[in-house]
Number of protein chains: 2
Amino acid sequence: MRPAFIEQLKNAWTQSNSFLCVGLDPTPDRFPRSVARDATGVVRFCTEIVDATQAYVCAFKPQFAHFAAIGLEDGLAKVIDYIHETYPHIPVILDAKRGDVGSTAERYAEEAFVRYGADAVTVNPYLGWDSIAPFAEYADRGVIVLCHTSNPDGVWLQEYPVDDPVYLRVARLTAEKDTGNLMLVLGATFPELIGRIRQEMPSMPFLVPGVGAQGGDLDAVLDLGRSNDGTGLVINASRSVIHASDDGDFVAAAESAARVLATRMEIVAKN
Amino acid sequence: MRPAFIEQLKNAWTQSNSFLCVGLDPTPDRFPRSVARDATGVVRFCTEIVDATQAYVCAFKPQFAHFAAIGLEDGLAKVIDYIHETYPHIPVILDAKRGDVGSTAERYAEEAFVRYGADAVTVNPYLGWDSIAPFAEYADRGVIVLCHTSNPDGVWLQEYPVDDPVYLRVARLTAEKDTGNLMLVLGATFPELIGRIRQEMPSMPFLVPGVGAQGGDLDAVLDLGRSNDGTGLVINASRSVIHASDDGDFVAAAESAARVLATRMEIVAKN
């Protein structure tokens, strides 16, 4: 029996002293020649990245599509099991962005929490709360609601209308429904929005993608995004860590990239 | 090489003379005792439903979560392959409601179209167009954008704000981007909205869930939703067909339920 997700996260912040989350989005085309571009290779690649970066992270975030595109659900399960067994204090966030009507959402929750044993999962709010509730009912698991994303076209829907935008309604609904296991996804490419939401939600943790390859401003995110106790951030970097090198030194390069990021993401008391 | 999705759909409308799409959302708990509640049973259940209902449908729509929750991706692939091989004129819509940033959306498109060989896939617009474009680039495959869904809480986001709601913007963006392979999801529980969108988009096909267990008004959908040539609808029924009986007569019951629905959904010239 694993502790509740939020307890795992608090513990992992303390142990790592870092907001870094390493995203496991393996791209076999970028594997070095020494790693096979097959199921065995993907699992080996991910577990070696996990070993190299585990000291620097508060969470790992495997990305579903990167396994599913090539039929590697078993590999995804093996990677999650490996993290649970080898580093039981590090929570695993399954990035699957599920969103469907209630009876189907129950099956997606079963997939994430029972089949894969993920500690948390990302979900999409387009279908409203009854599409998220079946996940949130797993009180010991984290449910991370897409709110304001890091991609260029996200604003088209999320910042509409200007006066009282969708992302703000999503954030407020999530806060209203929260009984201690909900989080928001807020892209690092819009740090001022992270600050705006933080003012309304002083303690909710945020999952922040987009600081690496997508170019978000890390210092601004740290400055504006920390919670009232100085924690509250899970800042994801994927490609910039796991594919820091495409050569035989990818493990050392990932370790180095994670170490540098973790140093920049140290958890310090808030000003 | 299969024809383009929209050509398949037109051909299937002609062959079946019906708007019925049978949703394959197998629930092993409801299988009769004669069907094993395992991988083999799920595939057998689905292929027997396909055989029993194929004469009455313009499409089949396997629902991803119902396979993924219990680790049956191989079963899902087998069911899709079976339909392609046995009834090559019937398009297969993979209902997966994917939505993610561009580089990840590429992997989801690969999953749906390459791995599973689906003819079309459902996608979620919350992340904006750059999350849908990687699917739409497969010009011969259908991309079906969630617009207005059939569940009670969908309106919370989709009908916001009242003046110029999100669902209408999604519909208009989809029409603007369409080069012949896009569709919208419009729930049967809101037929007047289907009529509103139809007035603006006289020829785009709509995928309409929610007429069975969810209680949508079929006659109003038919009246308000048909396109300018009298087609334009793919009306899904899942549980009301595939679980029409939970006993040993489930195949006959599904055949009967599909036949009755197809008769009610006959394609006739528009008034």
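Each remark here, short or long, concerns the structure printed above.
Just so it is clear, the model here is predicted, and its values are computed rather than measured. (Residues numbered from 1 in each chain as written. Chains lettered and ligands numbered in written order. Predicted model: local features only at pLDDT ≥ 70, side-chain atom pairs only at ≥ 80, totals over all residues.)

Visitor: I'd love a proper account of the interface of chain A and chain B, names of residues and values included.
Guide: Each partner contributes to the interface: chain A provides 39 residues, whereas chain B provides 39 residues. Every element with two or more residues in the side of chain A that touches chain B is listed here: α3 (64-68), α5 (102-115), α7 (154-158) and α8 (166-177) of chain A. Looking at the side of chain A that touches chain B element by element, the count peaks at 7 residues for α5(A). Looking at side-chain class alone, the side of chain A that touches chain B contains 16 nonpolar, 13 polar and 10 charged residues. (Contact = placed C-beta atoms within 7 Å. Helix = DSSP H or I, 4+ residues; strand = E, 2+ residues; numbered from the N terminus. Nonpolar A, V, L, I, M, F, W, Y, C, P; charged D, E, K, R; others polar.)

Visitor: Could you give me a rundown of the relation of the copies chain A and chain B, with the residues and numbers involved?
Guide: Rotating chain A by 180° and translating it 0.0 Å along the rotation axis places it on chain B, where the RMSD comes to 0.0 Å. Both chain copies can therefore be described as sitting about a two-fold axis. Proximity to the rotation axis, assessed at the C-alpha, singles out Tyr126(A) in chain A; its C-alpha lies 3.0 Å from the axis. Counting the interface residues of chain A, we find that 100% of their copies in chain B are interface residues as well, pointing to one common contact surface. (Least-squares fit on C-alpha atoms with pLDDT ≥ 70 in both.)

Visitor: Before we move on, could you go through the nonpolar core and cite the residues and values that matter?
Guide: One finds Leu20(A) and Leu20(B) to be the most contacted residues of the largest nonpolar core, which totals 195 residues. Once you skip the residues sitting within four places of it in the chain, Leu20(B) turns out to touch Tyr56(B), Val57(B), Cys58(B), Ile235(B), Ala237(B), Ala258(B), Leu261(B), Ala262(B) and Met265(B). (Core = buried A, V, L, I, M, F, W, Y, C linked by C-beta atoms within 7 Å. Buried ≥ 20, exposed ≤ 12 C-beta atoms within 10 Å, placed from the backbone.)

Visitor: Can you explain the sheet that holds strand β8 (residues 233-237) of chain A? Please cite residues and give values.
Guide: Residue and element names in this part refer to chain A. What the 8 strands build is an open sheet, ordered β2-β1-β8-β7-β6-β5-β4-β3; its pairing is parallel. At either margin of the open sheet sits one strand with a lone partner, and together these are β2 (59-62) and β3 (93-98). Sheet twist, expressed as the mean angle between neighbouring strand axes with direction ignored, is 30°. (Pairing = 2+ DSSP bridges. Axes fitted to C-alpha atoms, helices over the stretch in contact; angles between N-to-C directions.)

Visitor: Pulling in residues and values, what's your account of the packing of helix α9 (residues 191-200) of chain B against helix α10 (residues 218-225) of chain B?
Guide: Residues and elements named next belong to chain B. α10 packs onto α9 with a crossing angle of 10° between their chain directions and a minimal axis gap of 8 Å. Between α9 and α10, the interaxial angle falls into the category roughly parallel. Each of Pro 191, Glu 192, Ile 194, Gly 195 and Arg 198 in α9 lies in contact with α10, whose residues at this interface are Ala 220, Val 221, Leu 224 and Gly 225. (Parallel < 35°, antiparallel > 145°, perpendicular 65-115°, else oblique.)

Visitor: Any chance you could break down helix α4 (residues 73-86) of chain B for me, citing the residues and the numbers?
Guide: All names here are of chain B. Between its first and last C-alpha, α4 extends 20 Å over 14 residues, near the 20 Å set by a 1.5 Å rise per residue. Regarding α4, the residues found buried are Glu 73, Gly 75, Leu 76, Val 79, Ile 80 and Ile 83. Considered in projection along α4, the buried side chains sweep an arc of 165° and stay on one side of the axis. Facing away from the buried side of α4 by over 90 degrees, the exposed positions are Glu 85 and Thr 86. (Expected span 1.5 Å × (residues − 1). Arc of directions from axis to C-beta.)

Visitor: How would you explain the pairing of strand β6 (residues 182-186) of chain A if you had to name every residue and give the values?
Guide: All names here are of chain A. Within β6, 5 of the 5 residues are buried, leaving the element largely enclosed by the surrounding structure. Of the two faces of β6, the one lined by Leu 182, Leu 184 and Leu 186 and the one lined by Met 183 and Val 185 are each fully buried. Where strand β5 (residues 142-148) meets β6, 5 bridges bridge the pair, whose relative direction is parallel. Paired with Ile 144 across the strands is Met 183, a residue of β6. Note that β6 and strand β7 (residues 206-208) share 2 bridges and pair parallel. Along β7, the bridge assignment pairs Leu 184 with Phe 206. For the crossover from β6 across helix α9 (residues 191-200) to β7, the handedness is right-handed. (Right-handed = clockwise from strand over helix to strand, strands pointing away.)

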